[in-house]
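As a plain string of letters, each chain reads:
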Amino acid sequence: MLRLKEKPIEWIKFTAVMGLVLNIVLWLMWWRGRIPLPVAVAAAVVAVVALVLSLIRPRWFRGFYRGGMTVSFHIGQVIGKVMLTLFFFLLVTPLGLALRLMGKDLLRLKHGGEESTWWQPAKNNREFDRLF
């Protein structure tokens with residue numbers, strides 16, 4: 001469950017960060033020749049006005065904060081699942097297959113016919129300052 005901080009300073013910080021990110025993207029687009037200079041300047045002016053307004057009236061930006069944080073939370077959930085899936089299929093699965101091809105049994109799951117039990121005797125360690 002998503003729990004948002006209901007503090008005006010959080011609304012101000014979120015507005016400032018979003019304005020900064022928008023400006024960086026637009027100025028990079030201007031630098032690469034994708035948008036004209038007046039568009040980048042207008043975005044900078046809008047971001048500064050939004051920051052000043054959020055300092056004066058932070059409650060006006062509460063909905064912007066809640067909406068942006070909710071959307072970013074759900075995007076993070078999707079990206080996290082995609083990254084874990086890629087990690088599993090690109091790293092863990094090939095490693096497991098390679099170990100199986102080499103005949104390794106790191107978890108000692110195979111039970112040999114000569115043993116009558118799965119029990120493994122504990123290490124007899126008398127050094128109490130180094131238990132693990």
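Look a little higher up for the structure.
This report concerns the structure included in the present document.

## Describing helix 1 (residues 8–31)
Here comes step 1: Counted at 1.5 Å a residue, the expected span for helix 1 with its 24 residues is 34 Å, and the 34 Å between its end C-alpha atoms agrees.
Here comes step 2: Turning to helix 1, its buried residues are Glu10, Trp11, Ile12, Phe14, Thr15, Gly19, Asn23 and Leu26.
Here comes step 3: Taken together, the buried residues of helix 1 touch helix 2 (37–56) and helix 3 (62–101).
Here comes step 4: Gly33, located one to two residues past helix 1, shows a positive phi value of around 85 degrees.

## Digging into the pattern of salt bridges
Here comes step 1: Using the criterion set out here, one finds 3 salt bridges in the structure.
Here comes step 2: In this structure, Arg62 engages Glu6 in a salt bridge whose closest nitrogen and oxygen atoms are separated by 2.8 Å. Of this pair, Arg62 sits in helix 3 while Glu6 sits in the segment before helix 1, and the two are 56 residues apart along the sequence.
Here comes step 3: In this structure, Arg66 engages Glu6 in a salt bridge whose closest nitrogen and oxygen atoms are separated by 2.3 Å. Here Arg66, found in helix 3, pairs with Glu6, found in the segment before helix 1; they are 60 residues apart in sequence, far enough to count as distant.
Here comes step 4: Judged by relative accessible area, which is 33%, Arg66 ranks as partly exposed.
Here comes step 5: Taking relative accessible area as the criterion, Glu6 reaches 37% and is therefore assigned partly exposed.
Here comes step 6: What you see here is one network of salt bridges that share partners, running through Glu6, Arg62 and Arg66.

## A word on the side chain of Glu10
Here comes step 1: Looking at where Glu10 falls in the secondary structure, it is placed in helix 1.
Here comes step 2: Sequence-distant contacts of Glu10, that is, excluding residues within four places in its chain, are made with Lys5 and Tyr65.

## Thoughts on the packing of aromatic side chains
Here comes step 1: In this structure the tally under the stated criterion is 4 aromatic pairs.
Here comes step 2: Judged by centre distance (5.3 Å) and plane angle (85 degrees), the rings of Phe88 and Phe89 are edge-to-face.
Here comes step 3: Overall, the relative accessible area of 43% leaves Phe88 in the partly exposed class.
Here comes step 4: Members of the aromatic cluster, each reached through a chain of ring pairs, are Phe14, Phe64 and Tyr65.

## Things to note about the packing of helix 1 against helix 2
Here comes step 1: Where helix 1 contacts helix 2, the axes come no closer than 9 Å and their chain directions differ by 175 degrees. The pairing of helix 1 with helix 2 is recorded here as roughly antiparallel in orientation. Two secondary-structure elements touch here, helix 1 through Ile12, Thr15, Ala16, Gly19, Asn23, Leu26, Trp27 and Trp30 and helix 2 through Leu37, Ala40, Val41, Ala43, Ala44, Ala47, Ala50, Leu51, Ser54 and Leu55.
Here comes step 2: Across the contact of helix 1 with helix 2, the residue classes tally to 14 nonpolar, 4 polar and no charged.

Rules behind the numbers
- Residues numbered from 1 in each chain as written.
- Predicted model: local features only at pLDDT ≥ 70, side-chain atom pairs only at ≥ 80, totals over all residues.
- Heavy atoms only, no water.
- Helix = DSSP H or I, 4+ residues; strand = E, 2+ residues; numbered from the N terminus.
- Expected span 1.5 Å × (residues − 1).
- Buried < 20%, exposed > 50% of the residue type's maximum accessible area, 1.4 Å probe, protein only.
- Contact = heavy atoms within 4.5 Å.
- Salt bridge = Lys/Arg side-chain N within 4 Å of Asp/Glu carboxyl O.
- Phe/Tyr/Trp six-rings, centres within 6.5 Å; stacked < 30°, edge-to-face > 60°.
- Axes fitted to C-alpha atoms, helices over the stretch in contact; angles between N-to-C directions.
- Parallel < 35°, antiparallel > 145°, perpendicular 65-115°, else oblique.
- Nonpolar A, V, L, I, M, F, W, Y, C, P; charged D, E, K, R; others polar.

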